[in-house]
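Summary of the model geometry
The lines below spell out each chain.
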Amino acid sequence: MAQIFTASADTRLRAAALLGVVALVMALVVLGGYADSSYATLVGWVEHQPVPFSHQHHVGELGIDCRYCHAAAETGAHAGLPSTFTCMTCHSQVWTGAPMLAPVRASLASGKPLEWQRVARLPDYVYFDHSIHLSRGVPCVTCHGRVDRMPLMSRAQPFQMQWCLDCHRNPAPHLRPPAEITRMDWSNWDEEPGIHAVYGELMTKVYGIEPAKLTQCNICHR
Amino acid sequence: MTADRQRERWERAAAGRPEGVDRRTLLKAMAASLALAGLSGCGAQADEKALPYVREPEGFADGAVRWYATAALFEGYAQPVLGKTVSGRPIKLEGNPDHPVCGGATDAFTQAALLGLYDPARSQAPRREGRPVAWSLFERFADDLAVRLDQEKGRGLRLLTGPLSSPTMLAQIAAMMRRWPQARWHVSDPAGPAEWRRASRQLFGRVLDRQPAFDAAEVVVSFDGDFLGPGPRQTPNARKFAEARRRRQAGKGFWRPSRCRRRPALRPTGGWWQAPGGSAVC
Amino acid sequence: MSETASDTRITAEITRIPLHHPHMRNWWLLFGLSLLLLGCFFVAAGALFLNGVGMWGNNIPVNWGLAISHYVWFLGIGHAGTLISALLLITNAHWRNSLNRFAEAMTLFAVVCAGLYPILHLGRPWLFYWMAPYPNTMTLYPQFKSPLSWDFFAVLTYLTVSLLFWYIGIVPDLASVRDRAKTRRAQVLYGLAALGWRGSGRHWARWQQAYRLTAAIAVPLVVSVHSEISLLFAAGPIPGWTSTVFPAYFVMGAAFSGFAVVLMIAVTLRHALSLRDIVTERHLDLLARFLLATGLMTAYGYVYEVFDALYGGEKQDLATLHDRFTGLYAYSYWGAVIFNFVPLQLLWFRGIRARPAVLFLIATSVVVGMWYERYMLLMTALYRDYLVSSWGEYHASLWEWLLFAGMIGVFLAPFLLFVRFLPVISAFEVKEALRETGDLRHA
């Protein structure tokens, strides 16, 4: 009877088994890498918008406060996008004929809203309230990034649960004076350590923030 | 549309077979949904667009709660409620605490009335022969109809409503009936208090409503009447009843409710006098 | 090692089954039936995935319905396989060698069925892997205080060890089948599965080490897995689940139901595959004795539970006890007592133990009785909570019964494939036993 397997069959079987293990490990690494990649989290990816609105120009160069357009940030759950009417408070006076702004004028004339693509979006199963974060002094820049340097808006943070929890587990270093929350550049905040080093710790006590409660499931998943 | 086709349509509709979905399509859709069910676990939801207002209402804050005082109908009676809305969406009904009838309380039916707004079968547009049409079409149709009805004094017009108690609506219907005297108005009220209506007509010669003042009563006798049970006056009745009992508990006045009943009903049992000889006597 | 005549006969007798199955028509009939049941499983599970657990009858307060009672039942059945294989291997009980292979296979498939139940019982079954601790973007780890994660580890460990043990054991026999296979395809497939086994001295030495080692790992599982299940009950403040006898009671009940199933399979295979020389009357007799012994220990658990409630005098425990005897689900208690212990008493007689058909019926009665017991333990404790406001009844929906029928298919279909394509009895171990005892009948 002829041999079924050649002498090297054992080696090949072992190599195949090894290859299987390597492939499994690789698959896990690739999956994990994908979950954290900007391709999955959309960090830095620009969405196509009806009007190429530049935060860099409006915030960085003109110095318009965030709350001028996102008026409900301090009082509502959503920061809200500006109504067409808000855009036209200025653009009925400046850049009145700019072709770039044609959709805005069309929206005002027709009464149909502008259709923006959402950039900073949370899943439906996450409860998030802007007002509480702002009133405790989490500045805009923490979650939305340096919008004053974004010609076109893109997501600045991955918005994964681990990122949310990083802050909820230790909120103190992220707190700033609520009066200055729209400030973009906090690089010199730490230059006065005598005052600022204790600010967060102090404010968590003042506000009664308890990290143990902030990490409970139903804080965000209601 | 010819009369033949119309009749055919009617017959098909009357046979109870839904249009548009036949057996094969349904089975295909079921097979596809079964096959694709496994995929529902993976994949993100499609991104939805953000649509801001063109002109934002005064004082609007996206995601903040707003309350509106309004009314929800229950068997034709307005229940005074506060509607809770978030971003323009009603999400909860509560009793209006400033209203003398309910004082902030509601019943289960009024609570559930909110779901009617989200009923997928709720009509989004006027329908003509089962198809949704524009309001302008309905207006033209109504104008033409009005001209014809004026000539014929309303012959052939049938108005079908649920039970109503709104003075404005009743006045409008009365005006319509004066204009078109031969029209007929039907009220569909299958669960309404038919017995009470008959009784009140026999007693008083006309249909009257009842407004029991439990809070003013010394003795309440109920003959198989579930006066705290479901109905449009559930909330005020329960309130007045509770008030009377509270008064007795505070030692003020003699108050004794009694019951004779055949079937169990929602009523507290403490301090009740039950008719002797079992429950089937009265 | 020189081959004697009886050695060759045993190898031939066992390896002929996968190569030339004796009863193909009956096998196809059974396999067709089990495929039908498997189809039921896919329908029931698919409908469950589409609609959620709301299709089932379980709700507060009876939130563990048939799903969990079947989970416990299947996992319990699996226990006998491990007990026979591992514990009896280590204690050098040679008679096990005629039984261990199919007992292990039975364990494997029963654990698969058991493992599916908690997963299907989840609200979102497709996220079951959340029970595993793995690095994730949520920085969330399983709640180790939750019985659900205990289930996960218990079932996964049990499944892995059972699979390894069964496979290590079957390798030398797969090589025998490979050597006797006639067709090229069978040679290659069995050859791959045999992992290049050549039967050299070194192979046997390594194999012995691996087999004994896996057996040593498996032995604690006999006790630990069902103890975990019983503690999973005890973790809830439910009257009737708090007795300290629970772990022992569960393990014994598990072994009891498992021996019953092994006995059923042994009788069936012995008859269907004409293995009377290998699975002898002595084997059936021993299995019956084990069944009687574990059954009496389980009965002790029943008695102790009653004693515990009476001696403790806790009002709620007494109420639960009363409910067991006379309540809505009393039929499950009396069903368990009658099916488990009444026919069992026949096993005291040597004559009965020698009659396979009677043994089969008694074993079936035990399997039914143990089903009642699992059901009774869940229902009588859950449907009457401490507060009257949280009393409620449970009635299994048709979907749960369909899933149960499907689970039987999940068990039967691979088991029948095993019977068809793999050596159902460990030929070399039988030969080994023969060598060491001198006679297959262990005279």
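Residues numbered from 1 in each chain as written. Chains lettered and ligands numbered in written order. Predicted model: local features only at pLDDT ≥ 70, side-chain atom pairs only at ≥ 80, totals over all residues. Heavy atoms only, no water.

1. So, the overall build of chain A
Note the threshold: Starting at the N terminus, helices and strands are each numbered in turn, a helix being any DSSP run of H or I of at least four residues and a strand any DSSP run of E of at least two. The globule rule used here is 2.2 Å times the number of residues to the 0.38 power, and the radius of gyration it is set against is calculated over C-alpha atoms. Classification of residues uses two cut-offs on accessible area relative to the type maximum, computed with a 1.4 Å probe and protein chains only: under 20% is buried, over 50% is exposed, and between them is partly exposed. Surface accessibility follows the Shrake-Rupley procedure with a 1.4 Å probe radius. Residue values consider only the protein chains on display as shielding. None of His or the chain ends enter the tally, which takes Lys and Arg as positive and Asp and Glu as negative. To locate a charge, take NZ of a lysine, CZ of an arginine, CG of an aspartate or CD of a glutamate.
When its secondary structure is counted, chain A shows 13 helices and one strand. For 222 residues, the compact-globule formula gives about 17 Å, and the C-alpha radius of gyration of chain A, at 25 Å, lies well above that figure. Structurally, chain A occupies a C-alpha span of about 95 × 50 × 35 Å along its principal axes. Going through the 222 residues of chain A one by one, you find that 31% of them count as buried. A total accessible area of about 13700 Å² is found for chain A, and carbon and sulfur atoms account for 64% of it. Side-chain charges in chain A split into 17 positive and 18 negative, and the spacing between the mean points of these groups amounts to 6 Å.

2. Things to note about the overall build of chain C
Condition: Residue contacts follow a heavy-atom distance rule, with two residues in contact if any of their heavy atoms lie within 4.5 Å.
The number of helices and strands found in chain C is 15 helices and zero strands. In terms of overall dimensions, chain C is globule-like: its C-alpha atoms have a radius of gyration of 23 Å, near the 22 Å expected for 443 residues. With 443 residues in all, chain C has 56% of them scored as buried. Across chain C, contacts joining residues at least 24 apart in sequence account for 82% of those joining residues at least 6 apart.

3. Things to note about the interface of chain A and chain B
Cut-off, in case you're wondering: Simply put, the buried area is the total loss of 1.4 Å probe accessible area from both parts when two parts are fitted together. By convention in these notes, a salt bridge is any Lys or Arg side-chain nitrogen within 4 Å of a carboxyl oxygen on Asp or Glu. Any pair of nitrogen or oxygen atoms within 3.5 Å is treated as a polar contact; in protein, a donor-acceptor pairing is required on top of that, and neighbouring residues in sequence qualify only through side-chain atoms on both sides. Paired strands, as defined in this entry, are two strands with at least two bridges between them according to DSSP.
The interface of chain A with chain B comprises 24 residues on the first partner and 17 residues on the second. When chain A packs against chain B, the two sides together hide about 1800 Å² of surface, and 54% of this comes from carbon and sulfur. Glu115(A) serves as the salt-bridge partner of Lys49(B), at 3.4 Å between the closest nitrogen and oxygen. On inspection of chain A and its partner chain B, the count reaches five residue pairs in polar contact (both at pLDDT 80 or more). Secondary-structure elements contributing two or more residues to the side of chain A that touches chain B are helix H5 (84–91), helix H6 (102–110) and strand S1 (116–117) of chain A. As paired strands, S1(A) and strand S1 (residues 49–50) of chain B are joined by two bridges and run antiparallel to one another. The residue of S1(B) that forms the bridge with Trp116(A) is Ala50(B).

4. A word on the domain arrangement of chain A
All names here are of chain A. Short version of the rule: Where each domain starts and ends follows an automatic or database-derived domain assignment. Polar here means any residue other than Ala, Val, Leu, Ile, Met, Phe, Trp, Tyr, Cys and Pro, which are nonpolar, and Asp, Glu, Lys and Arg, which are charged; Gly is therefore polar.
Split by domain assignment, chain A resolves into domain 1 (49–81 + 118–220) and domain 2 (82–115). A C-alpha centroid distance of 28 Å is found between domain 1 and domain 2. In this assembly, nine residues from domain 1 lie in contact with eleven residues from domain 2. It is Pro50, Val51 and Tyr68 that lose the most area in domain 1 upon contact with domain 2, and together they represent 57% of the buried surface on that side. One can count zero salt bridges joining domain 1 with domain 2. Where domain 1 meets domain 2, there are one residue pair in polar contact (both at pLDDT 80 or more). Looking at side-chain class alone, the side of domain 1 that touches domain 2 contains six nonpolar, three polar and no charged residues.

5. Comments concerning the pattern of salt bridges
Close approach of charged atoms lets side chains of opposite charge pair. Summed over all chains, the structure comprises 21 salt bridges over all chains. One salt bridge in this structure joins Arg198(C) and Asp10(A), with 3.4 Å as the shortest N-O distance. Of this pair, Arg198(C) sits in the loop between helix H6 (184–193) and helix H7 (201–234) while Asp10(A) sits in helix H1 (residues 9–36), which puts the two residues in different chains. You can call Asp10(A) buried: its relative accessible area is 18%. A salt bridge links Asp185(A) to Arg146(A); the shortest N-O distance between them is 3.9 Å. Taken as a pair, Asp185(A) in the loop between helix H9 (161–169) and helix H10 (193–196) and Arg146(A) in the loop between helix H8 (140–144) and H9 lie far apart in primary sequence, 39 residues in all. Overall, the relative accessible area of 36% leaves Asp185(A) in the partly exposed class. Exposure remark for Arg146(A): the relative accessible area of 22% places this residue in the partly exposed category.

6. As for the interface of chain C and chain A
The interface is formed by 15 residues belonging to chain C together with 13 residues belonging to chain A. Approximately 1100 Å² of surface area, both sides summed, lies buried where chain C meets chain A, with 63% of it carried by carbon and sulfur atoms. Among the residues chain C hides against chain A, the three largest losses belong to Thr137(C), Thr139(C) and Gln187(C). Together they make up 43% of the total. Summed over the shared surface of chain C and chain A, the result is one salt bridge. Put simply, chain C and chain A have four residue pairs in polar contact (both at pLDDT 80 or more) between them. Considering every element that reaches the side of chain C that touches chain A, the biggest residue donor is H6(C), with five residues. The residue makeup of the side of chain C that touches chain A, split by class, is five nonpolar, six polar and four charged.

7. Quick word on the nonpolar core
Test applied: For the purposes of this section, nonpolar cores are sets of buried Ala, Val, Leu, Ile, Met, Phe, Trp, Tyr and Cys residues that join through side-chain atoms within 4.5 Å.
Formed by 140 residues in total, the largest nonpolar core has its most connected members in Phe74(C), Phe102(C), Leu291(C) and Phe418(C). Non-local contacts of Leu291(C), meaning those with residues more than four positions away in its chain, are made with Phe256(C), Phe259(C), Ala260(C), Leu263(C), Leu344(C), Leu347(C), Ile362(C) and Val366(C). Formed by 16 residues, the second largest nonpolar core is a distinct cluster that contains Val119(A), Val147(A), Met150(A) and Trp189(A).

8. Re the state of the cysteines
Residues and elements named next belong to chain C. What counts is decided by this rule: For the purposes of this analysis, a disulfide is any pair of cysteine sulfur atoms at a distance within 2.5 Å.
One pass over the structure, following the stated rule, counts zero disulfides over all chains. The thiol of Cys40 is not disulfide-bonded; the next cysteine sulfur, from Cys113, is found 14 Å away. Overall, the relative accessible area of 21% leaves Cys40 in the partly exposed class.

9. As for helix H2 (residues 24–51) of chain C
Residue and element names in this part refer to chain C. The criterion, for reference: Every helix has an expected span of 1.5 Å times one less than the residues it contains.
In a regular helix each residue adds 1.5 Å, so 28 residues correspond to 40 Å; H2 covers 40 Å between its end C-alpha atoms and thus fits that length. By the burial criterion, the buried members of H2 are Trp27, Phe31, Ser34, Leu37, Phe41, Ala44, Ala45, Gly46, Ala47 and Leu48. Once H2 finishes, Gly52 follows within two positions and takes phi at roughly 90°, a positive value.

10. What to know about the UniProt feature "transmembrane region" (unreviewed entry) in chain A
For the record, the criterion: UniProt positions are given in the numbering used here, feature names are shortened, and annotations may be inferred rather than shown by experiment.
Mapped onto the present numbering, the UniProt feature "transmembrane region" (unreviewed entry) falls on residues 12–34 of chain A. Within residues 12–34 of chain A, the helical portion is 100% and the strand portion 0%, while the C-alpha atoms at the span's ends are 32 Å from each other.

11. Quick look at the pairing of strand S8 (residues 184–187) of chain B
Of the strand pairs in this sheet, strand S7 (residues 158–161) of chain B and S8(B) are connected by four bridges, and their pairing is parallel. Paired with Thr161(B) across the strands is Val187(B), a residue of S8(B).

12. Notes on unusual backbone geometry
Residue Ile60(C) is joined to Pro61(C) through a cis peptide bond whose omega torsion reads 5°. Relative to the elements of secondary structure, Pro61(C) occurs in the loop between H2 and helix H3 (66–90). A positive phi angle, close to 50°, is found at Trp95(A), a residue other than glycine. Among the structural elements, Trp95(A) can be located in the loop between H5 and H6.

13. Some details on the packing of helix H4 (residues 100–121) of chain C against helix H8 (residues 246–272) of chain C
Residue and element names in this part refer to chain C. The test is simple: All axes are obtained by fitting lines to C-alpha atoms, using only the stretch in contact for helices, and the reported angles, taken between N-to-C directions, cover 0 to 180 degrees. What sets the label is the angle itself: under 35 degrees gives roughly parallel, over 145 gives roughly antiparallel, 65 to 115 gives roughly perpendicular, and the rest give oblique. What makes a crossing left-handed is the near helix being turned counterclockwise from the far one by less than a right angle; a clockwise turn instead makes it right-handed.
Where H4 meets H8, the axes come as close as 10 Å, and the angle between the chain directions of the two elements is 125°. With respect to H8, the axis of H4 lies oblique. You can see that H4 and H8 cross each other, and the crossing is right-handed. Packed against H4, whose contacting residues are Phe102, Ala103 and Met106, the element H8 presents Gly258, Val261, Val262, Ile265, Ala266 and Leu269 at the interface. Here the residues of the contact of H4 with H8 sort into eight nonpolar, one polar and no charged.

14. Looking at the packing of aromatic side chains
All names here are of chain C. What counts, and what does not: When two rings of Phe, Tyr or Trp (its six-membered ring) have centres within 6.5 Å they constitute a pair, described as stacked for plane angles under 30 degrees, edge-to-face for angles over 60, and tilted for the intermediate range.
The full count for this structure, using the stated rule, is 60 aromatic pairs over all chains. With 5.2 Å between their ring centres and 15° between their planes, Trp371 and Tyr375 make a pair best called stacked. Pair noted here: Trp371 and Tyr375 are both in helix H13 (residues 356–382), with a separation of four residues, about one helical turn. Given a relative accessible area of 12%, Trp371 falls into the buried group.

15. A closer look at the sheet that holds strand S3 (residues 77–86) of chain B
Residue and element names in this part refer to chain B. Strands sit in the order S2-S3-S4 across an open sheet of three strands; the sheet is antiparallel. The open sheet is flanked by strand S2 (65–74) and strand S4 (89–95), the only strands paired with a single partner. Mean inter-strand twist for the sheet, computed between neighbouring axes without regard to direction, equals 35°.

16. Side note on a nonpolar patch on the surface
All names here are of chain C. Stated formally: Patch construction takes residues with relative accessible area above 30% that form no salt bridge. Like charges are linked within 9 Å, and nonpolar side chains (Val, Leu, Ile, Met, Phe, Trp, Tyr) are linked within 5 Å.
Judged by side-chain polarity, Leu296, Leu346, Trp348 and Phe349 come together as a nonpolar surface patch covering roughly 400 Å² of accessible area. Within the element layout of this structure, Leu296 appears in helix H9 (residues 281–312). Relative accessible area serves as the criterion here: at 33%, Leu296 is assigned to the partly exposed category.

17. Points about the packing of H3(C) against H13(C)
Residue and element names in this part refer to chain C. Packing of H3 against H13 brings their axes to within 9 Å, and their N-to-C directions diverge by 135°. As judged from the angle between their axes, H3 and H13 are oblique. As for how H3 packs across H13, the hand of that crossing is right-handed. On H13, the residues touching Leu66, Ile68, Ser69, His70, Val72, Trp73 and Gly76 of H3 are Val367, Met370, Trp371, Arg374, Tyr375 and Leu378.

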